[in-house]
Each structure stands twice: as structure tokens, then as C-alpha cells.
Amino acid sequence: MLHEIKTPFHTMVDAEKGTVERAIFADQSIYELELERIFARAWNFMCHESQIPKAGDFFLSFIGEESVIATRDKKGELQVLLNSCRHRGNAVCRAEAGNARSFLCTYHGWTYGLDGQLIGVPGYKDFYHEQLDKSQWGLVKAGKVASYKGFVFATMDPEAPDLEEFLGPVARLALDLLSGQGEMMIVEGVQKNIIGCNWKLAVDNLFDFYHVDISHASATMSGARKHAETGLFTPWNHRVTLGDYGHAIGGNKIQPRLWEIVEEMKAEGKPLDQFLNQEWRKRPEVAEALGDMADTSGHPNIFPNMWITGNQICLRLPRGPGNTELWWFTLLPQGLSDAERKIRMDRANRTFGAAGMLEQDDGENWDQSTRATRGVVAQRYPLNFSMAIGTGVTKVGERGHAHIDTHINEHAQLWTYRNWADWMDAESWAVLKAQHTAPPKAGELV
Ligand code: FES
Ligand code: FE
């Protein structure tokens, strides 16, 4: 590339003006550093515990571009193992999910236990003369593995803070808003497709309610955006919640009108989809978990790349600076009626994912935005994230949630990029912990 990379990375994200340099979406060396400083360091979502309930169950996931096996060992402990044989590096697991007693490498037959230990080496006696120390040649294990309310995460960095500390109040709220919907089970099968875009543009879009009426105009006209006419998507009743390490939630708050619509539909005997069925928020244990943030709705991103929307999770997995693989997990609470299940599955299949009308619209835009980040001329001109900058007044909830109640804005997008720069500039977890941008304080303008 001809442009100059302006490290430190904070010089590429101007938080005061609200601008972001285009090179961060295009440059190969920046991308490679992201894999190291963001993905190999962060807690990455692996799977839901309902996908691996028994010993030997496994689910193949990714940390950045690297394949990892999330599994449950014989003791029932969660394990996350790099899917690469220590002999010549071959994948030791090819299936996307299943149950195994061990992982046999199909190249020369080294065999690993569910806890990653090397337990079998063909020719160990005759060819290796018993000189190979098997205890030193197990699969590479994640630095830490943990689960929060059934959601399994792993970090490759043993220096990372524990999961709950990493999540902080904002990402925990995001997961409480999903787990609170009931005893959640993942629907079998993950929808996967690749879009020609930089992963960060896909992440930034999840907070973007500015584009909806324009980008999705045809989907709205076709009736695919079912609640578009209800007035529940007013641009004037938004909340953005900003957390440590780049976690954020942005979008419409729950509006009083929603409860009226629910009552009307129930009176007519109509099934509620996952958008309208919010009654789970009133269950005592959920109300307790949500506290004074109970009317928070909108879209969370657990930094770097885990979007939660309604009852779905989407991972934006990096595949080079110009490609992103989207993985859609759908969760359903136990005990739904057939009609409720059908309505939720219809929405899950037709909104986002490979056959989703909205994602087709979005993907086209992200593709074009990404192409233009490569231009040597275009790179002289930064992108604009300045909407509503300096006008949002921060409130801090009783459990430390820094949030701004306002209209449509770009606070969460800019927050994502500011924190991206923190991650990219920090050489270690210790530095990131000490020097990352703290969420705004009560009364602070955002
Ligand atoms: Fe796995 Fe040789 S590469 S046994
Ligand atoms: Fe969209």
C-alpha cells in the first residue's frame, strides 16, 4: 500500500472530530496486527453450552482465522483447543460438530484426548525410540475458558482478566437480555456466509439505525420488516450504553406502546414473535438481573465481534481485510408453542443470514464501502462518525452502566473505533487494562 500507517493507532481515530482513517479497513499489516492484538487476546464467543452438553461433545469455532475445538472433557470441563496437530499442523477435527472420544490426526495418526493431551503416537516405540515427551506435545490450549449463563468464551491469552471482569456490566447486561428470555437452546445448524467487507464495517453497522429507512426501503415496502408501521422504531427514543474494552449496546428502548400492542395481539389470540414477546423481562429473577436498565433493548456488541439481536447471535469472523464470514446462531427458549417457534424461525431465516432480506441490502453497502477503503485517493479522506457528537449527556445507572438516552446517533460506532485503537496500541493485557478508554462519567458529554 502507498499510504503511510500512522501508528499509534489513536492517530487514525479522531474521537473529538469523529473521524476514522479508511486505511484501517484495508491494510494487510493492520489486519494481521488485529488478529494478534484483538482476536488472540480477547475473550471470543465459542458456543452455547446446550451445543456441548455431554463429555466428548464438540463444536468447531474460530479465534480470528484459527480453527479451535470447543469441547467437554471426560470430567465435564470445558476445553478449547487449537485445531492443529503438533506434528505437521494438520487439522485434527474436520467435522463442524459431533461427539468424539479423542481427536485422531488423519495425517500420521497422532491422537489427542478431549483435554488436548497427546495420548497416541504411531511408532512411538520403534520409530521414536520412546524419546518423544508426549506431555510436551499436546494440542495448544486456550489461555482461559469460561462460561457466563451458558455462553462459552475463550481467550488465548492467559494474562486476560477473568471473563466476568472482561464482560463488565455492559456485556453482562447484553447476555442477561438474551439468557433472560428463558432456558435457551441453540437451534441445530449455524447459518454461515461470506460477505466482501472488512469485519469492522459489519460490526459498526449493528449499531446503525440511521441506514434502516434508506437501505431497507424495499424490504420495508415488501412487508418483511413486520413492525415498521407500529411506531416502535421511533428515531427519538434510543439508548446507547458504553462499556469497558469496547462493549456497547445501541438502539431503541422498550416503549410503553409495545405493551399495548402485546395486549391487543394476545386478545386476538395471535402468536408473538421474539420482538414483541418481552414479557420475560417481568419475571422476578430477570427483573433483578436487569435492574434499572430493564427498558434497554437495541443491539449489543460484545467486543470485538459478537452481535446479539433478539434471539440470535452473529459472529463477524475476519477473513482477511476485505472479507468477513458471518455465523448466525439462533436460540429458542424451551416451551414455545409450535406457532411461536415457527414465527421465530421464519424471522431468523428471512431477516439476516444468507437468505435474509436485510443482510442482502447491508452486504451490498459494506462491500462497496470496503472497496473504497482501498483507493489511494480515497484513503486521503477519512470516514465520518460525528453524528450527535458532544451532545449526548451520560447517565450512570445503579450498577455502573454508562448510558445516553437520545435520538439516533453514532456514539456506539465511535466508541467501537476508539476502543479498537486502545486494543491495537496496547502491547499487553496489562497495558490495555491500565490505559484503555474508561466509559464516560455521569454528566459527561459524549
Ligand atoms: Fe498430525 Fe502428522 S500431522 S500426525
Ligand atoms: Fe441493515
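These notes cover the structure that comes with them.

1. A word on the environment of Arg86
Of note, Arg86 is situated in the loop between strand 6 (78-82) and strand 7 (97-99). Residues Arg86 and Trp110, spaced 24 residues apart in sequence, show a C-alpha to C-alpha distance of 8.7 Å. The contacts of Arg86, once residues within four sequence positions are left out, are Trp110, Tyr112, Gln136, Trp137, Gly138, Leu139 and Val140.

2. Details of the side chain of Glu359
Its location among the elements puts Glu359 in helix 9 (residues 357-373). Buried charged residue Glu359 carries no salt bridge. Nearest counter-charge: Arg316, at 4.7 Å. Within the structure, the side chain of Glu359 is placed 3.1 Å from the side chain of Trp328, a separation counted as a polar contact. At a separation of 3.2 Å, a polar atom in the side chain of Glu359 contacts the main-chain amide nitrogen of Gly353. Excluding anything up to four places from it in sequence, Glu359 contacts Asn193, Ile195, Leu326, Trp328, Thr351, Phe352, Gly353 and Ala354.

3. Side note on the layout of surface pockets
A water-sized probe rolled over the atoms picks out the places where empty space is left. Taken as a whole, the second largest pocket spans an internal volume of roughly 370 Å³. Together, 18 residues line the second largest pocket, and Leu201, Asp204, Asp208, Ser369 and Phe385 are the ones closest to its centre. Mapped by element, the contributors of at least two residues to the lining of the second largest pocket are helix 3 (199-205), helix 9 and strand 21 (383-384). Here the element with the most residues in the lining of the second largest pocket is helix 9; it accounts for 5 residues.

4. Quick look at the packing of aromatic side chains
Any aromatic ring pair is given by two values, namely how distant the centres are and how the planes are angled relative to each other. A full pass over the atoms with the stated rule returns 24 aromatic pairs. When the ring of Phe58 is compared with that of Phe103, the centres are 5.8 Å apart and the planes differ by 80 degrees; the resulting orientation is edge-to-face. Here Phe58, found in strand 4 (residues 57-63), pairs with Phe103, found in strand 8 (residues 103-104); they are 45 residues apart in sequence, far enough to count as distant. Each member of the pair, Phe58 together with Phe103, is buried. Their ring planes at 0 degrees and their centres at 5.0 Å tell us that Trp328 and Phe352 sit as a pair that is stacked. Remark: Phe352 occurs in the loop between helix 8 (338-350) and helix 9 and Trp328 occurs in strand 20 (residues 324-333); sequence separation between them is 24 residues. Here Trp328 and Phe352 have matching classes, each one buried. These aromatic residues form a ring-pair network of at least three members: Phe45, Phe59, Phe62, Phe151, Phe153, Trp327 and Phe329. Above the face of the Tyr124 ring, Lys134 is positioned so that its terminal group lies 4.1 Å from the ring centre. Positioned above the aromatic ring of Trp259, the side-chain terminus of Lys282 is 3.9 Å from the ring centre.

5. Some details on the coordination of the iron ion (ligand 2)
Summarising the metal site, the iron ion (ligand 2) is bound by the protein donors His211 (NE2), His216 (NE2), Asp362 (OD) and Asp362 (OD), whose distances to it range over 2.1 to 2.4 Å. Its 4 donor atoms give the iron ion (ligand 2) angles of 57 to 143 degrees at the centre, a pattern that matches the irregular case. Written as a sequence motif, the donor residues of the iron ion (ligand 2) are H-x4-H-x145-D. Of the two residues, His216 sits in the loop between helix 4 (212-215) and helix 5 (217-222) while Asp362 sits in helix 9, which places them 146 residues apart along the sequence. Owing to a relative accessible area of 2%, His216 belongs among the buried residues under this scheme. According to the relative accessible area criterion, Asp362 is buried, its value standing at 3%.

6. Some remarks on a nonpolar patch on the surface
The grouping of Val376, Val377 and Tyr381 at the surface amounts to a nonpolar patch, some 290 Å² of accessible area in total. As for its position among the elements, Tyr381 is in the loop between helix 9 and strand 21.

Cut-offs and rules
Residues numbered from 1 in each chain as written. Chains lettered and ligands numbered in written order. Predicted model: local features only at pLDDT ≥ 70, side-chain atom pairs only at ≥ 80, totals over all residues. Heavy atoms only, no water. Helix = DSSP H or I, 4+ residues; strand = E, 2+ residues; numbered from the N terminus. Contact = heavy atoms within 4.5 Å. Buried < 20%, exposed > 50% of the residue type's maximum accessible area, 1.4 Å probe, protein only. Lys, Arg positive; Asp, Glu negative; His and termini not counted. Salt bridge = Lys/Arg side-chain N within 4 Å of Asp/Glu carboxyl O. Polar contact = N/O pair within 3.5 Å; in protein donor to acceptor, adjacent residues only side chain to side chain. 1 Å grid on protein atoms, 1.4 Å probe; cavity = no way out; pocket = protein on both sides within 12 Å on 5 of 7 lines; lining within 4 Å. Points joined across faces, edges and corners; volume = space filled by probe spheres on them. Phe/Tyr/Trp six-rings, centres within 6.5 Å; stacked < 30°, edge-to-face > 60°. Lys NZ or Arg CZ within 6 Å of the ring centre and 35° of its normal. Donors = N, O, S within 2.8 Å, 3.2 Å for Na, K, Ca; no water. Tetrahedral: all angles 85-135°; square planar, octahedral: opposite > 155°, others 65-115°. Patch = residues over 30% accessible without salt bridge, like charges linked within 9 Å, V, L, I, M, F, W, Y side chains within 5 Å. Areas by Shrake-Rupley, 256 points an atom, 1.4 Å probe, with all protein chains shown as cover.

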